[in-house]
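# Report on the structure
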Amino acid sequence: MNISRRNFIKAGATGTAALGLSGSLFSKNWFQTAAAKEESKEKLAFTYHTTNCGGRCAFQCTVREGKLVKIVPNNWTDKRFSTVCLKGLSELERIYSPDRLQTPLKRVGERGEGKFVPISWDEALTTIANKLKELKSKHGGDSILFSCSSTVEYGYPFLPSLLGAQFAIESGIDIGLANGLEECIGGQAYGYVQNETSDWVNSRTIIYLGCNILETTLTDSKFFFKAKDAGAKIIVIDPTYTTTASKANQWIGIKPGTDAALLLGMISLILENNWYQQDYLVQNTSAPFLVREDNQQLLKVNDAAEGGEKNPYLVWDTNSGSARPFNAAGVKAQLEGKFTVNGIKVKTVFTSLKENQKQYTVKWASEKTEIPEEIIYGLTSDYATRGPAVLGWGFGGGDKWANSDVTGHAGAILGALTGNIGRVGGSVGNALYHGTSWSAKLGTWELPEQFKATPLQMTTQDFREKPNNVKAVINIGNTLQQHFANLSKTIDWIHTLDFVVTIDPFHNPSVNFSDIVLPASTSFESEYEIKNMQVNRSHVLLSQKVIEPFHKSKSDFQIEKELAAKLGLDQYLPKTPEEYQRARLNSDDPALKGITIEALIKNNGIMRLNVPDEPYRGFMDQKYDTPSTKLELYHEKMAEDHQALPTFDEPGEASSENSLSKKYPLQFSQAHTKYRVHSQFTNAKWINQIDQGPKLEINPKDAKSRGIQNGEIVEVFNDRGSFKAHCKLTEALRPGQIRLYEGWWTKHMVGGNLQNVTNDQFNPRQYKLRYGPVIPYNDTLVEVKKI
Ligand SMILES: Nc1nc2c(c(=O)[nH]1)N[C@H]1C(S)=C(S)[C@@H](COP(=O)(O)OP(=O)(O)OC[C@H]3O[C@@H](n4cnc5c(=O)[nH]c(N)nc54)[C@H](O)[C@@H]3O)O[C@H]1N2
Ligand SMILES: Nc1nc2c(c(=O)[nH]1)N[C@H]1C(S)=C(S)[C@@H](COP(=O)(O)OP(=O)(O)OC[C@H]3O[C@@H](n4cnc5c(=O)[nH]c(N)nc54)[C@H](O)[C@@H]3O)O[C@H]1N2
Ligand code: SF4
Ligand SMILES: [Mo]
């Protein structure tokens, strides 16, 4: 299964109907494009889109006299993936945008002022290399932090090791729900659903919880509609009436930040109505394990040591009427009950769950979520009784809230109660990115032993406040805007650093805070015929050079290589991207058999792995990557935080229980839009014709009470800061919530940046969880006023 986004960046293929393009574009001829044959000055090149959008469309590009003039979908072996969206098509214009960084720059004004002079590559790289050498020798390699945007495919795989530096990508982002889910299932990263989306045709009920898949994984929309056509009931739970909600069988509006309450209410209904799968719970989960009443820990053979297969947890064996190891031969575990073992009072995890759930009646859930009781009942009945069911969430719904771990945990329990994990047509987890598919283990390029990166010492946001050794940030992309909430704190931190570098094709807002700026090429440009390669959606994709590096830009590969040379260390690196990709294909994974650079070139850059034709389905053997190999519903280490079983927790900030809501009564949501990928395409002129600049969306009721008319300029503010934008009145948003799609550059705003107001307060208990605390961007209270 695909597990890492670093090499993979959430994958792709699309339902063309959603794109609103004229029908003729989608004729067969267009897909097959014969045009190039007629023009001798034209060449075709094959690549894929590296933007972090959930897509991963592969392109056949037409280059005429050195210029990219046409993009059409490349032919995948699996034709369902042959797609492109407006953003892909708009690259024809955007990569030639005036916002491109043209040459290396050196800062001459204050940090943040945006005053630079052009310098040569030699001066830029020499300055950087000398500074990094100096920092490493004075303060150690860990004083250098590489902070990388999620879209950057060649994320400088060697320099952090050569320098002993730290490397961060999406630290504290998109891991809130996975934190809760993966304690139960075992580590996968990002907590993707267990089954590939093409398995949804086998589902009877699909619930999208805070997941706007028809915009945020456009290319999986055909699997959404196939499932709907095959009879799945599709239910969207979202505070906002979204594109996905509009195509579902049912939309359930929910009060933001209360997803855990809804899932807890559903768990109670399943328990009360005996809608749970008793045999599944006994065989595949920790439900029969025994919880000690005295210290809330699980009873094991040796209680002084960690539990696992070798030091098994005990269950109550109905055959012998005694406590025995869960994995001992002949044991028949009892699901419910209270017992005394060696004088210690214990009860099963299932019994504890039932007791913990008593407080979460459907009435309680209805009050918290503002969803009527009968709707919660119908939803739960659809989920638990119609057959295989998917509970699929996104990354921008319940995830970007301080209480997201509870939601993830409750979701895992729902999947376990109903036997929907490791089941055809079932799944629980993140439904975006085509995040689950057949995969293969690529080979690596090894550096000599002495070169090792320093493991990331904390969630990057904490570098701003906790004692640490970071003195230089190499920002690859736009992380200073995107990867930290509460921008003024980020700027204060930046001002304390010795050295800041940005490497990006565009003059994004992070650039202005940098001492040296390097113009990177886009994913279409390269000095070399072969650019990169990845395993995605059960295929291997190779990207070729489409055009020469534009202006004086260089590819990330070339920048890393030349910087390594300045450090006197380039002899350890691959000489060309091709050499690197050959090393990665050098693997004994049978899924890669016969897949070579030559074969990939012959196949226009796409080959299916040697894997079965059917959809990937995880955990069909019911073996999990947990200490007990079972689904672990009870989280011992969270007992002192009252989260051994999911226990409702109000949002960190955006809750009506919070007294701050009197001063700042509106919750500020920042969803992701089909028109952009985060902070990319804000400057795509063709798309800007449809999506004309930032619009602060607000319900007419909230606008009226503040005397705000459609289109007027408003200020959004709280104690952290403010920003200004034109407003748009819309009934799609519920009263009490406002929204601005994330990612807009500062220069596109009427004033400020949306990140000025976002909540950066971590939930302390989440430091104990596997991915650390999540940045609660959406858990933000604000007020709005007319200017
Ligand atoms: N307030 C708020 N903030 C958020 C979010 C939110 O919902 N609300 N969402 C968060 C989420 S989920 C995510 S994943 C992050 C995303 O934020 P990022 O990971 O920063 O992603 P992008 O904004 O797409 O930025 C990509 C940058 O990389 C540059 N780039 C593109 N290709 C290349 C390349 O080949 N080489 C180099 N060197 N640069 C390249 C682009 O020009 C762009 O400036 O944002 C997070 N920030
Ligand atoms: N086109 C495009 N595609 C993208 C991206 C992009 O920027 N552009 N970004 C990619 C990345 S990195 C990510 S992380 C994903 C994000 O993908 P999604 O998670 O699908 O995106 P969002 O729009 O952030 O949030 C999903 C929905 O959650 C809802 N929501 C907000 N708060 C709550 C809540 O408390 N409860 C519930 N139930 N719902 C809530 C929002 O109204 C929104 O409709 O998209 C990926 N795909
Ligand atoms: S931005 Fe559009 S074209 Fe690019 S990968 Fe995503 S869906 Fe495909
Ligand atoms: Mo993300």
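Residues numbered from 1 in each chain as written. Chains lettered and ligands numbered in written order. Predicted model: local features only at pLDDT ≥ 70, side-chain atom pairs only at ≥ 80, totals over all residues. Heavy atoms only, no water.

### So, the overall build of the protein chain
For the protein chain, the count of helices and strands is 23 helices and 30 strands. Its C-alpha atoms give the protein chain a radius of gyration of 26 Å, near enough to 28 Å, the size a compact globule of 787 residues would have. For the C-alpha atoms alone, the extent of the protein chain along its principal axes is close to 80 × 65 × 60 Å. Counting the 787 residues in the protein chain, one finds 64% classified as buried. Taking as baseline every contact in the protein chain between residues at least 6 positions apart, the subset at least 24 positions apart corresponds to 74%. (Helix = DSSP H or I, 4+ residues; strand = E, 2+ residues; numbered from the N terminus. Rg over C-alpha atoms; globule rule 2.2 N^0.38 Å. Buried < 20%, exposed > 50% of the residue type's maximum accessible area, 1.4 Å probe, protein only. Contact = heavy atoms within 4.5 Å.)

### Quick look at helix α13 (residues 362-369)
Of all the 8 residues making up α13, 6 are buried; the element is thus mostly covered by neighbouring parts of the structure. For α13, the set of buried residues is Val362, Trp364, Ala365, Ser366, Lys368 and Thr369.

### Looking at the sheet that holds strand β11 (residues 290-292)
Spatially, 3 strands are ordered β11-β15-β14 in an open sheet, and the strand pairing comes out antiparallel. Each having just a single partner strand, β11 and β14 (338-341) make up the two edges of the open sheet. Going across the sheet, the axis of each strand differs from the next one's by a mean of 40°, ignoring polarity. Relative to strand β15 (residues 344-348), β14 runs antiparallel, the two being bridged by 4 bridges. In the strand pairing of β15, Phe339 is matched with Val346. Strands in contact with helix α12 (residues 349-357) are β11, β14 and β15; relative to β15, the strand with the most contacts, it is inclined by about 75°. (Pairing = 2+ DSSP bridges. Axes fitted to C-alpha atoms, helices over the stretch in contact; angles between N-to-C directions.)

### Thoughts on the UniProt feature "domain: 4Fe-4S Mo/W bis-MGD-type" (unreviewed entry) in the protein chain
Those residues carrying the UniProt feature "domain: 4Fe-4S Mo/W bis-MGD-type" (unreviewed entry) are residues 42-99 in this numbering. As annotated, residues 42-99 has a helix share of 16% and a strand share of 36%, and its two end C-alpha atoms lie 27 Å apart. (UniProt positions renumbered as here; feature names shortened; annotations may be inferred.)

### Here we look at the sheet that holds strand β23 (residues 606-608)
One open sheet holds the 3 strands; their spatial order is β21-β22-β23, and the pairing between them is antiparallel. Bordering the open sheet on either side are β21 (530-536) and β23, each of which pairs with just one other strand. The mean angle between the axes of side-by-side strands here comes to 15°, regardless of whether they run parallel or antiparallel. Taken together, the 6 bridges between β21 and strand β22 (residues 539-544) define a ladder with antiparallel strand orientation. Bridge pairing in β22 places Asn532 opposite Ser543.

### Thoughts on the pattern of salt bridges
Inspection of the entire model under this criterion finds 53 salt bridges. In this structure, Glu42 and Arg64 form a salt bridge, with 2.6 Å as the shortest nitrogen-oxygen distance. Placement of Glu42 in strand β1 (residues 42-48) and of Arg64 in strand β2 (residues 58-64) is noted, with a sequence separation of 22 residues between them. Owing to a relative accessible area of 34%, Arg64 belongs among the partly exposed residues under this scheme. (Salt bridge = Lys/Arg side-chain N within 4 Å of Asp/Glu carboxyl O.)

### Examining the site of ligand 3
In the region of ligand 3, the neighbouring residues are His49, Thr51, Cys53, Gly55, Arg56, Cys57, Phe59, Val84, Cys85, Lys87, Gly88 and Thr219. In terms of residue class, the shell around ligand 3 is built from 5 nonpolar, 5 polar and 2 charged. (Near = heavy atom within 4 Å. Nonpolar A, V, L, I, M, F, W, Y, C, P; charged D, E, K, R; others polar.)

### Things to note about the domain arrangement of the protein chain
The assigned domain composition of the protein chain is domain 1 (183-362 + 388-437 + 622-641) and domain 2 (659-786). Domain 1 puts 30 residues into the contact, and the matching count from domain 2 is 23 residues. Here domain 1 and domain 2 share an interface that buries about 2300 Å² over both sides, 49% of which is from carbon and sulfur atoms. Looking at the side of domain 1 facing domain 2, the largest losses of area belong to Glu215, Lys400 and Ala402, adding up to 26% of the total buried there. (Domains from an automatic or database assignment. Buried area = accessible area lost by both parts, 1.4 Å probe.)

### Description of the site of ligand 2
Of all residues adjacent to ligand 2, which total 35 residues, the nearest are Thr216, Asp238, Asp259, Gly396 and Arg676. At 2.7 Å from a nitrogen atom of ligand 2 is found a main-chain nitrogen or oxygen belonging to Cys53. Arg676 places a main-chain nitrogen or oxygen 2.6 Å from a nitrogen atom of ligand 2. The protein chains hide 99% of the 920 Å² of surface that ligand 2 would expose on its own. Looking at side-chain class alone, the shell around ligand 2 contains 13 nonpolar, 13 polar and 9 charged residues. Shared between two domains, the shell around ligand 2 takes at least three residues from each, and those domains are domain 1 (183-362 + 388-437 + 622-641) and domain 2 (659-786). (Polar contact = N/O pair within 3.5 Å; in protein donor to acceptor, adjacent residues only side chain to side chain. Areas by Shrake-Rupley, 256 points an atom, 1.4 Å probe, with all protein chains shown as cover.)

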